[in-house]
Each structure stands twice: as structure tokens, then as C-alpha cells.
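Results of the structural survey
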Amino acid sequence: MSTIQHNYQSVTQRLQQACADCGRDPASVRLLAVSKTKPAAMVEAVYQLGQRAFGENYVQDGMDKITALSHLDDIEWHFIGPLQSNKTRIVAEHFHWLETLDREKIARRLNDQRPQSMPPLKVLLQVNISGEAQKSGLLAQDVLPLADSIAGMEQLSLQGLMCIPEHTDDDERLAQQFRDMKTLSQQLQETHPGARVLSMGMSGDLELAIACGSTEVRIGTDIFGARDYSATQK
Ligand SMILES: *Cc1c(COP(=O)(O)O)cnc(C)c1O
């Protein structure tokens, strides 16, 4: 068995175990394979194992793989990195999801640039749940107003929320942030019932995130191995 096959199997087993441990249906948690900085051939190898949803953080790095793998017509590309306004067109024209929306200006550009021939771009609002000063994402109180304006944008489809919690070894602190996200997600669904996705949990904390209600975990390192950032320097 190849390393990547072994890694992929152990991640899917961890996911199933995490769901079993808190009495959740494994089908209620999607696995997003985060392939940033990794070559198209590795993405294709994971696709061949049955994986369909892949996450990319850098526009050009992601676009290179979308082009190289255009023969895989049911592959699903999620943009999960910070998005500058001068790069929105590439995301609007080539990705299926954007998980890091946190500004109305970016939403408007994406809505204008999404081709009419494509289904609406699925979006998650990124929440700065720890309230750290330098971090991207909306503060909790700004989620509903942005959700309301996105609801009027025909080429965007609001699917839910995403967060990158504080980097901490304190599990209780982390769990509190995940639980705050769950509460926010429930509040959002009162007025936006279609916004059911809650994207949280990475290689190091997927079990905790699932126990707290995550519906999508984003796993990079534990599937693809450690990253080499030179691929993103071009
Ligand atoms: C890189 C990245 C991940 C994956 O992190 P790992 O710790 O490698 O699993 C998940 N989410 C986002 C937003 C990322 O940038």
C-alpha cells in the first residue's frame, strides 16, 4: 500500500471513529482533502481512492491543478485561503466553493464575476471566533448582516460557516470556540435554513470538532504529509 493510501485510510477511519464516539452518522461529516502546495499527481491519487472534495489556499497553485485535472469532471474545488479582491475572478470562474468569505465587497465582486452559465458559487462565511486582532474572519455580530446581503445575490449560495480557531494546546479553550461556532450556526439557520455547513477541524483537532458539531473537517498534513511552501512562491 502506498503512503498516501495508508494516510487516507487512517484519516477516514479516524473520522468514522470520531463519529461513533459521539453517536453521529459518519455521512453527516464531509472530508475536505487540503491539497495546497501538493502536486496534481498526488491529488489525482487521492481522487482515485474515492475522494472528491479538495481544498486549495493559493489562487495560482490551485488553478494549476484545476487545469491539470480538468478531465476529472466530478472533482470539487474549495478555495479556503485568504482572497484578495484582485483575484476574485479566478475563484468565481473555476472553483465550486469559497470558504473564507468575510467582506461584502468580495461577495459583490464574486457575484458579478460568476458566469451565468455556472451554478451559483457556494460560500461559507469565515468567522473569527477567537476574536484575535490580526485574524481574518467576521466577528460573530457581523455574520447575520453579511448573510442577509448575500441572500440577495443570485450567483452566490450561502451554505454555512467556517472557522480557524485559536492556535492553542488548551483543549477546553478550543472546545469553547467550536461550541460557540455551533451556536452561531444554529442562530444563522433560523433565518437562513439552507446554511447548514459548519466547517471546522483540521489534522490536529478533528475529533474535538466533530464532537462539537462540525459537518466538514479540512485535512491536509495527515493525508498529504508535511508541506513545502516553495510551490506557492511563484
Ligand atoms: C492548511 C489548512 C488546513 C489543513 O491543515 P492541516 O493541519 O494540514 O490538516 C485546513 N484549513 C485551512 C484553512 C488551511 O489553510
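In case you missed it, the structure is sitting above this.
As a starting point, this report considers the structure included with it. Along each chain, residue indices are assigned from 1 in the same order as the chain's sequence is written. Thresholds applied to this predicted model are a pLDDT of at least 70 for local features of residues and 80 or more for the giving and counting of side-chain atom pairs; totals over whole chains, interfaces and linings are not thresholded and use all residues. Based on all heavy atoms of the structure, the side-chain values leave hydrogens and waters out of the count.

This part covers helix α3 (residues 59-68). Exposure classes here rest on a 1.4 Å probe applied to the protein chains alone. A residue is buried below 20% of its type maximum, exposed above 50%, and partly exposed in between. Under the scheme used here, helices are H or I runs from DSSP no shorter than 4 residues and strands are E runs no shorter than 2 residues, and both carry numbers assigned from the N terminus. Among all positions of α3, only Val59, Asp61, Gly62, Met63, Lys65 and Ile66 are buried. Any two residues whose heavy atoms approach within 4.5 Å at even a single point are treated as in contact. As for α3, its buried residues are in contact with α2 (40-48), β2 (53-56), β3 (76-79) and α4 (88-94).

Quick look at helix α6 (residues 143-151) now. Helical periodicity: at 3.6 residues per turn, an α-helix aligns residues three or four positions apart in one direction. Looking at α6, one finds that the buried residues are Val143, Leu146, Ala147, Ser149 and Ile150. End-on, the buried residues of α6 take up no more than an arc of 165 degrees, which puts them together on one face. Of the surrounding secondary structure, the elements contacted by the buried residues of α6 are β4 (97-101), α5 (104-113), β5 (121-127), β6 (156-163) and α7 (171-191). The arc under discussion is defined with respect to the helix axis, by the directions toward the C-beta atoms.

Any pair of Phe, Tyr and Trp rings, taking the six-membered ring for Trp, is counted once the centres come within 6.5 Å. Such a pair is stacked with planes under 30 degrees apart, edge-to-face with planes over 60 apart, and tilted for the rest. The tally for this structure, following the rule as stated, stands at 2 aromatic pairs. With a centroid separation of 6.0 Å and an interplanar angle of 40 degrees, the aromatic rings of Phe54 and Trp77 are classed as tilted. Taken together, the residues span a long stretch of sequence, with Phe54 in strand β2 and Trp77 in strand β3 at a distance of 23 residues. Ring centres of Phe79 and Phe95 lie 5.4 Å apart, and the angle between their planes is 85 degrees; on these two criteria the pair is classed as edge-to-face. Linking Phe79 in strand β3 with Phe95 in the loop between α4 and β4, this pair joins segments that are 16 residues apart in sequence. Just as Phe79 is buried, Phe95 falls in that class too. Across from the ring centre of Trp97, 4.5 Å away, lies the NZ or CZ of Arg30, which sits over that ring. Geometrically, a charge over a ring is one whose NZ (Lys) or CZ (Arg) sits within 6 Å of the ring centre while staying within 35 degrees of the ring normal. Over the ring of Tyr47 we find Arg52, and its NZ or CZ is 3.7 Å from the ring centre.

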